[in-house]
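Chain by chain, the residues run as shown.
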Amino acid sequence: MGGSKMPEVYDINVEAALTIVPTEAPIVSSYNDRIRPLLDTVDRLRNLNVMKEGIQLPTIVVVGDQSSGKSSVLESLAGISLPRGQGICTRVPLVMRLQRSPSPEPEIWLEFGDERVDTDEEHIAESICTATEAIAGSGKGVSDTPLTLHVKKNGVPDLTMVDLPGITRVPVNGQPENIYEQISGMIMKYIEPQESIILNVLSATVDFTTCESIRMSRQVDKTGERTLAVVTKADMAPEGLLQKVTADDVNIGLGYVCVRNRVGEETYKEARMQEELLFKTHPLLCMIDHDIVGIPVLAQKLIQIQATMIGRCLPVIVQKINEKMETSEFELKKLPMVMTSSGEALMTFMNIIGYVKECLLRILIQGDFSEYPDDQSMHSTARLADMLSKFSDNLQAKPEAANEFLIDEIKVLEECKCIGLPNFIPRTAFLAILSQRVDGMHAKPVEFIREIWDYVEVVLSSVITKYSDNFPQIQPSIKRAGRTLITKIKEQSVSRVVEIVEMEKQTDYTCNPEYMTAYTQKIANQASFVSHVQSNYSNYGDVGISHLRGYNSQLLSQAFDMNVRITAYWTIVVRRVVDNIALYLQFTVKNLVNSQFQKEIVAEMVDPRGGGEVEKMLDESPSVACKREKLKNSIKLLKESKDAVAAIVYRNSG
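Rules behind the numbers
Residues numbered from 1 in each chain as written. Predicted model: local features only at pLDDT ≥ 70, side-chain atom pairs only at ≥ 80, totals over all residues. Heavy atoms only, no water. Axes fitted to C-alpha atoms, helices over the stretch in contact; angles between N-to-C directions. Helix = DSSP H or I, 4+ residues; strand = E, 2+ residues; numbered from the N terminus. Parallel < 35°, antiparallel > 145°, perpendicular 65-115°, else oblique. Left-handed = near helix turned anticlockwise from the far one by under 90°. Contact = heavy atoms within 4.5 Å. Nonpolar A, V, L, I, M, F, W, Y, C, P; charged D, E, K, R; others polar. Salt bridge = Lys/Arg side-chain N within 4 Å of Asp/Glu carboxyl O. Buried < 20%, exposed > 50% of the residue type's maximum accessible area, 1.4 Å probe, protein only. Phe/Tyr/Trp six-rings, centres within 6.5 Å; stacked < 30°, edge-to-face > 60°. Lys NZ or Arg CZ within 6 Å of the ring centre and 35° of its normal.

Caption draft 1: Summary view of the packing of helix α9 (residues 342–366) against helix α13 (residues 443–468). Contact pair α9 / α13: the axes reach a minimum separation of 9 Å and the direction vectors enclose 135 degrees. Classified by the angle their axes make, α9 and α13 are oblique. Handedness of the α9/α13 crossing: right-handed. Residue-level inspection shows Ile-352, Tyr-355, Val-356, Cys-359, Leu-360, Arg-362, Ile-363 and Leu-364 of α9 in contact with α13, the latter providing Val-456, Val-459, Leu-460, Val-463, Ile-464, Tyr-467 and Ser-468. Partitioned by chemical class, the residues of the contact of α9 with α13 number 13 nonpolar, one polar and one charged.

Caption draft 2: Broad picture of unusual backbone geometry. Phi at Asn-251 takes a positive value of approximately 60 degrees, unusual for a residue other than glycine. Assignment of secondary structure puts Asn-251 in the loop between α6 (241–247) and β9 (256–258). Unlike most non-glycine residues, Leu-406 shows phi in positive territory, near 75 degrees.

Caption draft 3: Broad picture of the pattern of salt bridges. For the structure shown, the criterion picks out 24 salt bridges. Ionic pairing is found between Arg-116 and Glu-107, a salt bridge with its closest N-O pair at 3.3 Å. Here Asp-561 makes a salt bridge to Arg-565, at a shortest N to O gap of 2.8 Å. Placement of both Asp-561 and Arg-565 in helix α17 (residues 553–605) is noted, with a separation of four residues, approximately one turn of the helix. Relative accessible area serves as the criterion here: at 11%, Asp-561 is assigned to the buried category.

Caption draft 4: Here's a closer look at the packing of aromatic side chains. According to the stated counting rule, one finds nine aromatic pairs in the structure shown. With centroids separated by 5.7 Å and ring planes inclined at 85 degrees, the aromatic side chains of Phe-405 and Phe-529 adopt a geometry described as edge-to-face. Pair noted here: Phe-405 is in the loop between α10 (380–396) and α11 (407–416) and Phe-529 is in helix α16 (residues 526–534), with a separation of 124 residues, a long-range link. Taking relative accessible area as the criterion, Phe-405 reaches 24% and is therefore assigned partly exposed. Assessed through its relative accessible area of 1%, Phe-529 is described here as buried. Taking 4.9 Å as the distance between ring centres and 25 degrees as the angle between the ring planes, the aromatic pair formed by Phe-529 and Phe-560 counts as stacked. Of this pair, Phe-529 sits in helix α16 while Phe-560 is found in helix α17, placing the two residues 31 residues apart along the sequence. If you follow Lys-244 out to its NZ or CZ, it ends over the ring of Phe-208, 4.8 Å from the centre.

Shown next as structure tokens:
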């Protein structure tokens, strides 16, 4: 702690200080009444805690490496004593809110969390230490929970400054291993907003280019337009200081101010007198421009810079307040009304079902996916068409033959032969081959229709979620009813598809002329084929035939004939299966949307005798109630904030 005497507050005019009774902090004479309305407006917004709405306010943030003299600078600016000592003195963000008051009696208090601790000038440092321990513990650790120091007294300007822990890389004396990461993260959080004014405290005893605080501030303020550097301990390292501040190797856009810290038991009056004497008489320091030396100059610069920043930021703040308020009001309107009767609940439920039905009509039938422009999985007509096309290609793909060419036909003909004329192909033989083909592809249509309804179930669930999100008390029941309905339709669809496939085994019929066209073209090669086999050729075109040499010409002719027939007819069968399933799919999807969905869901959810799932809507869910209250509080805060800035904006535009 620096000095046991109660700190005194003085006017910054050092020459007059010899004869005038000290009454005010050094910063006061730099205070300009023209910017008072701006500062009052920002202070009002800070009191309203508008920053919790994500709206940043202009703030002076004091950063520096450990023991760079940050707290000493703040003491000199405000004329109060802060904790001092070895190691980290500031372990939490200390928000110093200075407010001028006409009352001769100062009012000083601390705030952290929901607590308020009143104190006085003599016990400020002690109270800060106690509050810091309550926030960050009694050890050497840090916390990003802010501690706010309110100083309301005569002669103190409206000025807010945040003192952050000094940057240290090596943990010592019980500090946590990640002390650097904790402090640097805290500093970046405060200096990153473009509204922050960075007061970078540098010790004259070090090379500025090696300072960690400089590296951090340059990360968020590359041009230096928000950074002002105050060089402390000028009396301890005067050699080369002029070159340091004029060369500006670290790009400080707002310039430098060199100061002398208060030493030992010096009063603030004595410290300022010694500072002025130092920069006037020291052979090296006297060469530094007087416009950049001394606490009074620093005070004046801070007031001017903060006023400029406020003037620049205020229109943006107004815009953000309006945008936030519009968003919150829109979100509040989107919330469901608070229902008080079963009739209101039923009406709201029917509206939900109606919205879901209309959305399903658009995306499953009409191909209108404007509600889900970026979610291709919800472009349902396109996805259903893709799935059908893939199924069709898969079904029409030529199956790999289990046996060599014509062997299956020969085996069936051998088993289906009977006493009769030799040049007739038994119909039973053709149906046997057809049945084998149908059995081979039987599983594919069933898999396809299951896949289709699994997809429709996902779509239905997504749409229900969207339109019932404000009613979590009944959303699970609606989704469960939807799943039950889709399961029922899926089972019906599987049965229908099995019927469609099984019908193809019962008879061989088509009126499609393509069958006879294909048969006539291919049967013309029958005699040539048999001749090639009997002439001991190994291939007929790209088909191997050497395995057929042991069969007589009549059997070969019949087998070739049946192969041509089944090949021509199978193309018709596969297309007919695809067509029938596609038509059935369209029919069932439309029936689901236009009729079944609303009928089945209402029957599942509404009990005609009263009660039922719908009446759960009368009990507003805790999450919705909490969101409603939060939005109301946000709108109230933003309206008050808007009122606070309205007068000053009107005045500036007038």
